[in-house]
Amino acid sequence: MSAIVTHHPVAATGKSSRATQEPVWVRWALISIALAWLALFLFVPLAAVFTEALRKGLAVYWASFTDPDALSAIKLTLLAAVIAVPANLVFGIAAAWAIAKFEFRGKQVLLTLIDLPFAVSPVIAGLIYVLVFGAQGWFGSWLSEHEVKVIFAVPGIVLATIFVTFPFVARELIPLMQAQGTEEEEAAVAMGASDWQTLWRVTLPNVKWGLLYGVILCNARAMGEFGAVSVVSGHIRGMTNTLPLHVEILYNEYNFAAAFAAASLLASLALVTLALKSFVEWKTSAEYRASIEEYSNEH
Amino acid sequence: MPNTCSWKSYSVLPGFGLALGFTILYLSLIVLIPLSATFIKTAELGWDGFWAAVTTPRALASYRLSFGAAAIGAVLNTVFGLLTAWVLVRYTFPGKRLVDAFVDLPFALPTAVAGIALTAVYAPNGWIGHWLEPQGIKVAFTPLGVVVALTFIGLPFVVRTVQPVLEDLEAEIEEAAACLGATRWQTFARVLMPALWPALITGFALAFARAVGEYGSVIFIAGNMPMISEIAPLLIITKLEQYDYAGATAIAVVMLAISFALLLAINGLQWWLGRRHGRRTA
């Protein structure tokens, strides 16, 4: 049956479907409105970032990246992401293993609790660490006695970043691992695979694209986080400024060319994220199609 | 083999204790214990002090703006998100795949970048702002600017909840409607919309919940005038900068309570949708 359709593509788009299609002018009107809407909110602002960044020429644009404060902001942003993403990756795998592969009471509650950080305003995400580690917080006096700084220092920034990116990997992995069931792991265990072999050779290869997808989103948010980091950073130039905070400082000093130059770096990161995300989506749907084809060939 | 713990079904797979233990420990240390600090800190104020702190005219104005602008943004996103999803699923046009990928831009673009970009575009001398200025419409540095930023932030949600539902709809029901003499509009309103409502409501709730707490993109475009264009998260920061920790935390507790209620509603809705579509929810 499917062979007939592919050999005669006209048959699929012939007269029968016309009754369920809109007139051509309606179609183009709807497409135009949708594109205008997206242009107003997505395309024009994105174009504005790069235009404003290059307004004073390439020389000024490049110079803004050699500024030591900009470089230290880039370094701190990378550092926060390098700690936060692996931490949440390990958590995501552990949470998905427990939730997807086992049946236990209270699972729904645990799932809701994992989603909590998405429901919390970034500002509140920063505030809670100030309440715990700040000068007047729970551990404030203990920390100052031992001369450990968490708030207005790098550890606070890392903690806030971990909080706002907390659910990303777990949320991608849990539904995926639930859908794949437990047969393959049970077979591996029955054939004598060790615990780690089962995880590394069976479970993780099965979910590699979902894992990558979660890591990409987690990383984008970790590098771009503003509100939560802003509360705990203290905005010390060259010390506790991440790249998004650096953008704010330059902008508030009316140094627009440099602010948009730094912003263009973050916008490029967003574009890379979207490209990788589309690639992973394309890859997973290709594998899905291949597996269906394989299935229909076998039967 | 005897089942040792009654709250968990037996499984041959290893690592349950380690995985669940680590999950709960990490969740508690990063999320639950720090979050509980807000409620404990607020308890210092006592009920009267709490009520006085969260009902000052300035606080009330900030909730009105945060929730009002988030609601308007979410409504706009519901209408145009449905349209965008429809166009992306049903029609073909050049560059469609690229447009589809760009819908997720608000998820990927750092909020501070979004904030200064929207301000540049909608300021009185900006690309779009200078067209609106002569019409007497001011966007940047007014509450309308807050709506623009919160619309941007929530843009992908409705598109991404509606898109898979539209893709899964069977062509037969539309053909049946057409055979029975329904016009295209009647088919849309009476046949398609009932199937799309749950996804639309979920998308609306997600966009609204995200927008309510948003900070980064709003503060650049809002103007941040107390009582007029000051959002609730900004008021928390203002109070923190004045070392009014209890006052800041009290407002945070109000926002948390509303956000948790929204989260529960969304999870309930998705659970209900999952059951309706017969997907596995376990």
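Residues numbered from 1 in each chain as written. Chains lettered and ligands numbered in written order. Predicted model: local features only at pLDDT ≥ 70, side-chain atom pairs only at ≥ 80, totals over all residues. Heavy atoms only, no water.

**With respect to the overall build of chain A**
Rules: Each helix is a run of DSSP H or I of at least 4 residues and each strand a run of E of at least 2, with the numbering of both proceeding from the N terminus. C-alpha atoms define the radius of gyration, and 2.2 Å times the number of residues to the power 0.38 defines the globule rule. Each residue's exposure class comes from its accessible area (1.4 Å probe, protein chains only) as a fraction of the maximum for that residue type: buried when under 20%, exposed when over 50%, partly exposed otherwise. We call two residues in contact when some of their heavy atoms are within 4.5 Å. Note on areas: Shrake-Rupley, 1.4 Å probe, and residue coverage restricted to the protein chains presented here.
Looking only at helices and strands, chain A has 16 helices and zero strands in total. Computed over C-alpha atoms, the radius of gyration of chain A comes to 25 Å, more than 25% over the 19 Å expected from 2.2 N^0.38 for 299 residues, which places it beyond the range of a compact globule. Its C-alpha atoms give chain A principal-axis dimensions of about 75 × 60 × 30 Å. The buried share among the 299 residues of chain A stands at 49%. In chain A, once contacts between residues fewer than 6 apart in sequence are set aside, the share between residues at least 24 apart is 73%. Accessible surface for chain A amounts to roughly 14,500 Å². Of this, 66% is attributable to carbon and sulfur atoms.

**Here we look at the overall build of chain B**
The secondary structure content of chain B amounts to 13 helices and zero strands. If you list the helices and strands of chain B from N to C, you get α-α-α-α-α-α-α-α-α-α-α-α-α. Oriented by its inertia axes, the alpha-carbon framework of chain B measures out at about 80 × 65 × 35 Å. Burial status across chain B gives 55% buried among its 282 residues.

**Describing the confidence of the model for chain A**
Residue and element names in this part refer to chain A. Filter applied, for reference: Values of pLDDT, the confidence the predictor places in each residue, fall between 0 and 100.
For chain A, per-residue confidence averages 89 on the pLDDT scale, and 94% of positions sit at 70 or higher. Taking the mean pLDDT of every element in chain A, the minimum, 42, falls on helix H1 (residues 2-7) and the maximum, 96, on helix H9 (residues 154-164). This model gives residues 1-16 a pLDDT under 50, and the stretch forms two contacts once residues within four places in sequence are excluded.

**Focus: unusual backbone geometry**
All names here are of chain B. We note that Phe141 has phi near 65°; this positive angle belongs to a residue other than glycine. Along the chain, Phe141 falls in the loop between helix H7 (129-132) and helix H8 (143-168). Judged by its relative accessible area of 45%, Phe141 is partly exposed. Of note, Met227 is a non-glycine position whose phi angle comes to about 75°, a positive value. Note that Met227 resides in the loop between helix H11 (216-222) and helix H12 (232-241).

**Here we look at helix H7 (residues 122-133) of chain A**
All names here are of chain A. The following threshold applies: Each helix should span, by expectation, one fewer than its residue count multiplied by 1.5 Å.
In a regular helix each residue adds 1.5 Å, so twelve residues correspond to 16 Å; H7 covers 17 Å between its end C-alpha atoms and thus fits that length. For H7, the tally of buried residues reaches eleven of twelve residues, placing the bulk of the element in the interior. Those residues of H7 that sit buried are Pro122, Val123, Ile124, Ala125, Gly126, Leu127, Ile128, Tyr129, Val130, Leu131 and Val132.

**Quick word on the side chain of Thr273(A)**
Note the following rule: Polar contact criterion, stated in full: a pair of N or O atoms within 3.5 Å, where within protein one must be able to donate a hydrogen and the other to accept it, and residues adjacent in sequence count only if both atoms are side-chain atoms.
Here Thr273(A) shows up in helix H16 (residues 256-298). From its side chain, Thr273(A) meets the backbone oxygen of Leu269(A) in a polar contact 2.8 Å long.

**Let's talk about the confidence of the model for chain B**
Low pLDDT marks stretches whose predicted atomic positions should not be read closely. Model confidence for chain B is summarised by a mean pLDDT of 90, while 95% of its residues fall at 70 or above. Scoring the predicted complex yields pTM 0.89 and, for the interface, ipTM 0.89.

**Structural notes on the nonpolar core**
As a reminder of what qualifies: As used in this record, nonpolar core signifies buried Ala, Val, Leu, Ile, Met, Phe, Trp, Tyr and Cys residues forming a set joined through side-chain atoms within 4.5 Å.
Counting residues in hydrophobic clusters, the biggest one holds 189 residues, and the most contacted among them are Ile114(A), Phe163(A), Ile30(B), Leu109(B), Val162(B) and Ile236(B). In terms of residue count, the dominant contributor to this core is helix H5 (residues 68-101) of chain A (16 residues). Ignoring sequence-local partners within four residues, the contact set of Ile30(B) consists of Tyr129(A), Leu159(A), Ile162(A), Phe163(A) and Phe166(A).

**With respect to the packing of aromatic side chains**
Our working definition: We call Phe, Tyr and Trp rings a pair once their centres come within 6.5 Å, taking the six-membered ring for Trp, and we label the pair stacked below 30 degrees between planes, edge-to-face above 60, and tilted otherwise. By definition here, charges over rings are those cases where NZ of Lys or CZ of Arg is within 6 Å of the ring centre and within 35 degrees of the ring normal.
Under the counting rule described, the total for this entry stands at 35 aromatic pairs over all chains. Here the aromatic rings of Tyr129(A) and Phe163(A) are separated by 6.2 Å at their centres, their planes lie at 85°, and the arrangement is edge-to-face. Of this pair, Tyr129(A) sits in helix H7 while Phe163(A) sits in helix H9; the two residues are 34 residues apart in sequence, bridging distant segments of the chain. The class of Tyr129(A) is buried, set by a relative accessible area of 1%. By relative accessible area, which is 0% here, Phe163(A) ends up buried. Each ring, one from Tyr251(A) and one from Phe220(B), has its centre 5.4 Å from the other, and the planes form 90°; the classification is edge-to-face. On the criterion of chain membership, the pair formed by Tyr251(A) in helix H15 (residues 243-252) and Phe220(B) in helix H11 is interchain, its members lying in two chains. Residue Tyr251(A) shares its accessibility class with Phe220(B), and that shared class is buried. Here the aromatic cluster, defined as three or more aromatic residues joined through ring pairs, consists of Phe226(A), Tyr251(A), Tyr254(A), Phe256(A), Phe260(A), Tyr215(B) and Phe220(B). Positioned above the aromatic ring of Phe16(B) is the side chain of Lys8(B), whose terminal nitrogen or guanidinium carbon lies 4.8 Å from the ring centre.

**A short note on the packing of helix H3 (residues 24-53) of chain A against H8(B)**
We apply this condition: Every angle, taken between N-to-C directions, lies between 0 and 180 degrees, and every axis is a line fitted to C-alpha atoms, over only the stretch in contact when it is a helix. Between 65 and 115 degrees an angle is taken as roughly perpendicular, under 35 as roughly parallel, over 145 as roughly antiparallel, and anywhere else as oblique. Under the scheme applied here, ten amino acids are nonpolar (Ala, Val, Leu, Ile, Met, Phe, Trp, Tyr, Cys and Pro), four are charged (Asp, Glu, Lys and Arg), and all others, including Gly, are polar.
Orientation of H3(A) relative to H8(B), taken along the N-to-C sense of each, is 105°, at an axis distance of 10 Å. If you check the angle between H3(A) and H8(B), you find them roughly perpendicular. Residues Trp37(A), Leu38(A), Phe41(A) and Leu42(A) of H3(A) form the contact with H8(B), whose own contacting residues are Val148(B), Thr151(B), Phe152(B) and Leu155(B). Residue composition of the contact of H3(A) with H8(B), grouped by class: seven nonpolar, one polar and no charged.

**Regarding the pattern of salt bridges**
Applicable threshold: In what follows, salt bridge is the name for a side-chain nitrogen of Lys or Arg lying within 4 Å of a carboxyl oxygen of Asp or Glu.
A complete count under the given rule lists 16 salt bridges over all chains for this structure. In this structure, the salt-bridge partner of Asp104(B) is Lys277(A), at a minimum N-O distance of 2.3 Å. Of this pair, Asp104(B) sits in the loop between helix H4 (96-102) and helix H5 (105-108) while Lys277(A) sits in helix H16, which puts the two residues in different chains. Pair check on accessibility: Asp104(B) and Lys277(A) agree, each one buried. Residue Asp104(B) pairs with Arg160(B) through a salt bridge whose shortest N-O separation is 3.1 Å. Here the residue Asp104(B) occupies a position in the loop between H4 and H5, and Arg160(B) occupies one in helix H8, the gap between them amounting to 56 residues. Taking the relative accessible area as the measure of exposure, Asp104(B) reaches 3% and is therefore buried. Through salt bridges with shared partners, one network takes in Lys277(A), Glu281(A), Asp100(B), Asp104(B) and Arg160(B).

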